[in-house]
Amino acid sequence: MERTSSIRRKAMGRQHKAEVMIAGEQLRLRLHDGKQIKERRYHLRTYPNCFVAQELIDWLVGHKEAPDRATAVCLMQYLMDNDIVHHVCDKRSLFKDAKLLYRFRKDDGTIPFNLEVKIFMRGQRLYEHLIGEKNSILQLREEHGVAYRRAFPGCQLIDWLLQNGEAESRRRGVELCRALQEHGIIQHVANKHDFFDSGLLYQFCINFRRRRRLSELLNEGEQDDDTESVAVSTQQDNHSDSPFVVRKNPPQEGNSAFHYVGSSTDLKPAQGGRRGSLNSLQLHSAGFPPLAQLSSASVVRCNPKSVLKRHFTCEELLAPGAPFIKKVLTVIGDPLGWGFVVRGRAPCYVQAVDHGSPAAAAGVKVQQFVCQVNGQCVLDLDYRTMTRLVMTGPRIVVLEVMEPLE
């Protein structure tokens, strides 16, 4: 259990690091376009490709990347802590809202190129190359009666790597792809297999082109260190990685690079939904799309407030005489999913239930703590891991929950 938890934490950490790197790179390119990054002189010395901290804070607040200057400073400090930005002379470890010069490490070649960064940059380059091809191998494909967008057979990716000089042999190609899988860049469409040079279907786990918001990453990073963890979404972002974005209409193509399509003989994308499935990290199987909407124009904004009056520990839930009643509920999913949202880092609890969904019909309610999923104890799992367990399981989900006594 400890080894599994350690692997899970490493995978989550790698994925979050990748999101930070993408957000930092997107910000760097926007600042270059806006002429915020340029050559500057200070104390008779010229510093190329740098920016003034105070001016950048003005820009972040003015472009609504941060609600205030203090938050903007926290965002930039977060980039510094993740080796994206640094002081031009490396004399300061803190980001100050002052007339000081800072620079993106990518602009001066000081990025610490460890294995993790190299794999990430390799994956990003491959993704951009593949997605930009006219007859890309990333296509709508079917595996075991389930259709997936922008999927590719493992053997075709190996062929492509050889044809484009990205691998010197099929063995080397498989080694590269398994490294990409280990670092959370690609995965089997149903997350059931390692990478093989075969007809099994795989997808990129990360949409490198989706616009990231710095405040989203900061909020997620802070909460990963707290008792609960949750991704963030805004109307502008429609962040499909978050299990708390509940939509009524299917996401637009621009944000649905990795979305499950549905069981179909003619591979037609699923149309018109109304419900949010339990979802995280695009792990889709069992015939369900990832998300739904509360309304066609609105999206749950930012981090939803917890429905719990206070946090409970696993020990409190299991203590003799605890004010909870245990129930076993069977949720039979439909083509739109199960219709409930979980939250929390351990134990997980039900944050929201869609009216009229299979979950509501089965008796799932907000504030219920999830103890078991299909007979497996999940009290020590966070919402991401529990989501993965449900999404890769059968259509019928048997939940053991603990409900507060009235």
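Residues numbered from 1 in each chain as written. Predicted model: local features only at pLDDT ≥ 70, side-chain atom pairs only at ≥ 80, totals over all residues. Heavy atoms only, no water.

Considering unusual backbone geometry
Between Ala-346 and the following residue, Pro-347, the backbone shows a cis peptide bond with an omega angle of 0°. Inspection of the secondary structure puts Pro-347 in the loop between strand S11 (340-343) and strand S12 (349-353). Non-glycine residue Asn-49 carries a positive phi angle of around 50°. You can call Asn-49 partly exposed: its relative accessible area is 30%. For Asn-191, which is not a glycine, the phi torsion comes out positive at approximately 55°. Within the secondary structure, Asn-191 sits in the loop between strand S7 (186-188) and strand S8 (201-204). (Helix = DSSP H or I, 4+ residues; strand = E, 2+ residues; numbered from the N terminus. Buried < 20%, exposed > 50% of the residue type's maximum accessible area, 1.4 Å probe, protein only.)

Some details on the packing of aromatic side chains
In the structure shown here, the tally under the stated rule is 12 aromatic pairs. On the numbers, 6.5 Å between centres and 35° between planes, the contact of Phe-51 with Phe-95 is tilted. Of this pair, Phe-51 sits in strand S2 (residues 45-52) while Phe-95 sits in the loop between strand S3 (85-87) and strand S4 (101-104); the two residues are 44 residues apart in sequence, bridging distant segments of the chain. Exposure remark for Phe-51: the relative accessible area of 2% places this residue in the buried category. Ring pairing ties together the aromatic residues Tyr-127, Phe-152, Phe-195, Tyr-202 and Phe-204, which thus form one cluster. Of note, Arg-178 hangs over the ring of Phe-196, and the distance from its end group to the ring centre comes to 5.0 Å. (Phe/Tyr/Trp six-rings, centres within 6.5 Å; stacked < 30°, edge-to-face > 60°. Lys NZ or Arg CZ within 6 Å of the ring centre and 35° of its normal.)

Looking at helix H3 (residues 69-81)
Given a rise of 1.5 Å per residue, 13 residues ought to cover 18 Å, and the 18 Å separating the end C-alpha atoms of H3 matches this to within 8%. All of the buried residues in H3 are Ala-72, Val-73, Leu-75, Met-76, Gln-77, Tyr-78, Leu-79 and Met-80. The distance from a side-chain oxygen at the start of H3 to the backbone nitrogen of Ala-70 is 3.3 Å, and the residue carrying that oxygen is Asp-68. With its phi angle positive at about 60°, Asp-83 sits one or two positions after the end of H3. (Expected span 1.5 Å × (residues − 1). Polar contact = N/O pair within 3.5 Å; in protein donor to acceptor, adjacent residues only side chain to side chain.)

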